[in-house]
Amino acid sequence: MTAVPILRQTTEPGSASLDALAELVADGDVVVLSGAGLSTDSGIPDYRGASGSLRRHTPMTYQTFTRDPRGRHRYWARSFVGWRQIRGARPNAGHEAVGDLQAAGLVGGVITQNVDGLHQAGGARDVVELHGGLDRTVCLGCGDVAGRAALDMRLRQANPDFGPRVDEVNPDGDAELPDDVLDGFVMVPCLACGDGPLKPDVVFFGETVPRERVEQCFALVEQAGSLLVLGSSLTVMSGYRFVLRAAKLGIPVAIVNVGPTRGDAKADVRVADPLGEVLPELARRVA
Ligand SMILES: [Zn+2]
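Parameters at a glance
- Counting from 1, residues in each chain are numbered in the order their sequence is written.
- The model is predicted, so local features are restricted to residues of pLDDT at least 70 and side-chain atom pairs to those at 80 or more, both for listing and for counting; the totals for chains, interfaces and linings are taken over all residues.
- As a rule here, side-chain values cover all heavy atoms of the structure and leave hydrogens and water aside.
- Only runs of H or I of at least four residues qualify as helices and only runs of E of at least two qualify as strands under DSSP, and these elements are numbered from the N terminus.
- Only protein chains enter the accessibility calculation, which uses a 1.4 Å probe; a residue is then buried when its area is under 20% of its type maximum, exposed when over 50%, and partly exposed in between.
- Two residues form a contact once any of their heavy atoms are found within 4.5 Å.
- Accessible areas in this description were obtained via Shrake-Rupley with a 1.4 Å probe; residue shielding takes into account the shown protein chains only.
- Excluding water, the donors of a metal are its N, O and S neighbours within 2.8 Å, or within 3.2 Å for Na, K and Ca, and that exclusion means sites may look incomplete.
- Site shape is set this way: if four donors have all angles between 85 and 135 degrees, tetrahedral; if opposite donors are over 155 degrees apart and all others between 65 and 115, square planar for four donors and octahedral for six; otherwise irregular.
- Residue types Ala, Val, Leu, Ile, Met, Phe, Trp, Tyr and Cys, when buried and joined through side-chain atoms within 4.5 Å, form a set referred to as a nonpolar core.
- In this analysis, axes come from line fits to C-alpha atoms, helices being fitted only over the stretch in contact, and the angle between any two N-to-C directions falls in the range 0 to 180 degrees.
- Any angle between 65 and 115 degrees counts as roughly perpendicular, while under 35 counts as roughly parallel, over 145 as roughly antiparallel, and the rest as oblique.
- Helix crossings get a hand from a simple test, with the near helix turned counterclockwise from the far one by less than a right angle marking a left-handed crossing and a clockwise turn marking a right-handed one.
- Here the term charged refers only to Asp, Glu, Lys and Arg, the term nonpolar to Ala, Val, Leu, Ile, Met, Phe, Trp, Tyr, Cys and Pro, and the term polar to all other amino acids, Gly among them.
- Should DSSP find at least two bridges between two strands, the strands are taken to pair.
- A carboxyl oxygen of Asp or Glu within 4 Å of a side-chain nitrogen of Lys or Arg is what we treat as a salt bridge.
- For a helix, the expected span equals 1.5 Å multiplied by the residue count minus one.
- Within 6.5 Å between ring centres, the rings of Phe, Tyr and Trp (the latter by its six-membered ring) count as paired, and their orientation is classed by plane angle as stacked under 30 degrees, edge-to-face over 60, tilted in between.

### Examining the overall build of the chain
- Looking only at helices and strands, one finds 10 helices and 9 strands in the chain.
- A buried classification covers 52% of the 287 residues belonging to the chain.
- If you take every contact in the chain between residues at least 6 apart in sequence, the share linking residues at least 24 apart comes to 73%.
- When the accessible surface of the chain is totalled, it reaches about 12800 Å², and 51% of it is carbon and sulfur.

This is the structure in structure tokens:
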């Protein structure tokens, strides 16, 4: 038994769970933890969510990326194509509502598991990118951090006719192409050291989030009035641990996600409606 009833599976704006959510957010000092579900309305598929399509191939792991030159080469070939969709994605009403709540002084920090930069594009500030960002690269050889846009320009010059158009990419920005096409891709070296390899500045599966970034997030959560989870099934521990920490400290947790989440038993408020409906309504009520 939990002290506060968990309200589930409501479908109407104006429902009891939305009232409870609005009440919690109106108290302020909210820290947001967002996941892929927040970006699905921007055309970036949620590969883990209940409504998301199954991935067509397994995600790149850190081990494959660092130890398998061919796997890495194919990753960059897919990513070259997928980047166009990521770059073309625009923030949706949910991102903008988070920005509005922040501008109204109700939301403090934003922790995101997304690597698409759409929170910032939607007006949010002080965003901690837990899993990094696709808009930059890091050289595994010399450590140089560089912008993805400049790399993309160089890749276009090296690959003027590369690849069929694809209509779907994964959240980590790669796309589905046959291996023989991928192998024809031309990768370019790091500009700083002339070598590489270059890696997108994102945390791959099998890779650890940098310790200081985790500590920064724990500090945010520990000072929060409440933790608001948006569009994450909390499958991976890298995000779920913040819910555990909040719950342990008695900090109220609210979860807005269409499908079930690993954190449901820890949630004080649970809203199962689409973010694109809930967040604008929430911002209208309290911001
Ligand atoms: Zn380098």
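Having put the structure on the table, let's press on.
### Some words on the coordination of the zinc ion
- Coordination sphere of the zinc ion, protein contribution only: Cys-139 (SG), Cys-142 (SG), Cys-190 (SG) and Cys-193 (SG), at 2.3 to 2.4 Å.
- Coordination geometry of the zinc ion: the 4 donor atoms subtend angles of 106 to 115° at the metal centre, consistent with an arrangement described as tetrahedral.
- Written as a sequence motif, the donor arrangement for the zinc ion is C-x2-C-x47-C-x2-C.
- On the accessibility criterion, Cys-142 (39% relative accessible area) is partly exposed.

### With respect to the nonpolar core
- Within the largest apolar cluster, 27 residues are counted, with the highest numbers of intra-cluster contacts made by Leu-21, Val-25, Leu-228, Leu-230, Val-256 and Leu-279.
- Listing elements by their share of this core, those giving two or more residues are helix H1 (16–26), strand S1 (30–34), helix H4 (93–103), strand S2 (107–112), strand S7 (226–230), strand S8 (253–256), strand S9 (269–271) and helix H10 (275–286).
- The contact partners of Val-25, leaving out residues within four places of it in the chain, are Val-30, Leu-101, Leu-106, Leu-228, Leu-282 and Val-286.

### Points about the packing of H4 against H10
- One way to put it is that H4 packs onto H10 with a least axis distance of 8 Å and a crossing angle of 25°. Here H4 lies roughly parallel to H10, going by the angle between them. Like other packed secondary-structure pairs, H4 and H10 cross with a definite hand, here left-handed. Along the contact surface, H4 presents Ala-93, Gly-94, Ala-97, Val-98, Asp-100 and Leu-101, while H10 presents Leu-279, Pro-280, Leu-282, Ala-283 and Val-286.
- For the contact of H4 with H10, a count of residues per class yields 9 nonpolar, 1 polar and 1 charged.

### What to know about the sheet that holds strand S4 (residues 132–139)
- As summarised here, the arrangement of the 3 strands in space is S5-S4-S6, forming an open sheet in which the pairing is antiparallel. Lying at the two open borders of the sheet, with one neighbouring strand each, are strand S5 (145–147) and strand S6 (198–202). Direction aside, neighbouring strands of the sheet carry axes that sit 45° apart on average.
- Pairing analysis gives 3 bridges linking S4 to S5, with the strands arranged antiparallel. The partner of Thr-137 across the bridge, within S5, is Ala-146.

### So, the pattern of salt bridges
- Counted under the stated rule, the structure contains 15 salt bridges.
- Note that Glu-281 and Arg-284 form a salt bridge whose closest N and O atoms lie 3.1 Å from each other. Of this pair, Glu-281 and Arg-284 are both found in helix H10, 3 residues apart, which corresponds to roughly one turn of the helix.
- Here Glu-281 falls in the buried class, since its relative accessible area comes to 18%.
- Owing to a relative accessible area of 59%, Arg-284 belongs among the exposed residues under this scheme.
- Where salt bridges share partners, they join Asp-19, Glu-281, Arg-284 and Arg-285 into one cluster.

### With respect to helix H8 (residues 211–222)
- With 12 residues, H8 extends 16 Å from end C-alpha to end C-alpha; this agrees with the ideal 16 Å at 1.5 Å per step.
- If you follow the buried residues of H8, they end up packed against S2, strand S3 (127–129), S4, S7 and helix H9 (237–248).

### A word on the sheet that holds S3
- Strand order in the open sheet formed by 6 strands is S3-S2-S1-S7-S8-S9, with parallel pairing between adjacent strands. The open sheet is flanked by S3 and S9, the only strands paired with a single partner. Across the sheet, the mean angle from the axis of one strand to that of its neighbour is 15°, orientation sign disregarded.
- Pairing analysis gives 5 bridges linking S1 to S7, with the strands arranged parallel. Paired with Val-32 across the two strands is Leu-228, which belongs to S7.
- Each of S1, S7, S8 and S9 touches H1; the most contacted strand, S9, lies at about 125° to it.

### A few points about the packing of aromatic side chains
- One pass over the structure, following the stated rule, counts 8 aromatic pairs.
- An angle of 35° between the planes, with centres 5.0 Å apart, marks the rings of Phe-65 and Phe-204 as tilted. Of this pair, Phe-65 sits in helix H2 (residues 62–67) while Phe-204 is found in the loop between S6 and H8, placing the two residues 139 residues apart along the sequence.
- Overall, Phe-65 belongs to the buried group, its relative accessible area being 0%.
- Given a relative accessible area of 4%, Phe-204 falls into the buried group.

Any functional reading would require information that these geometric values do not contain.
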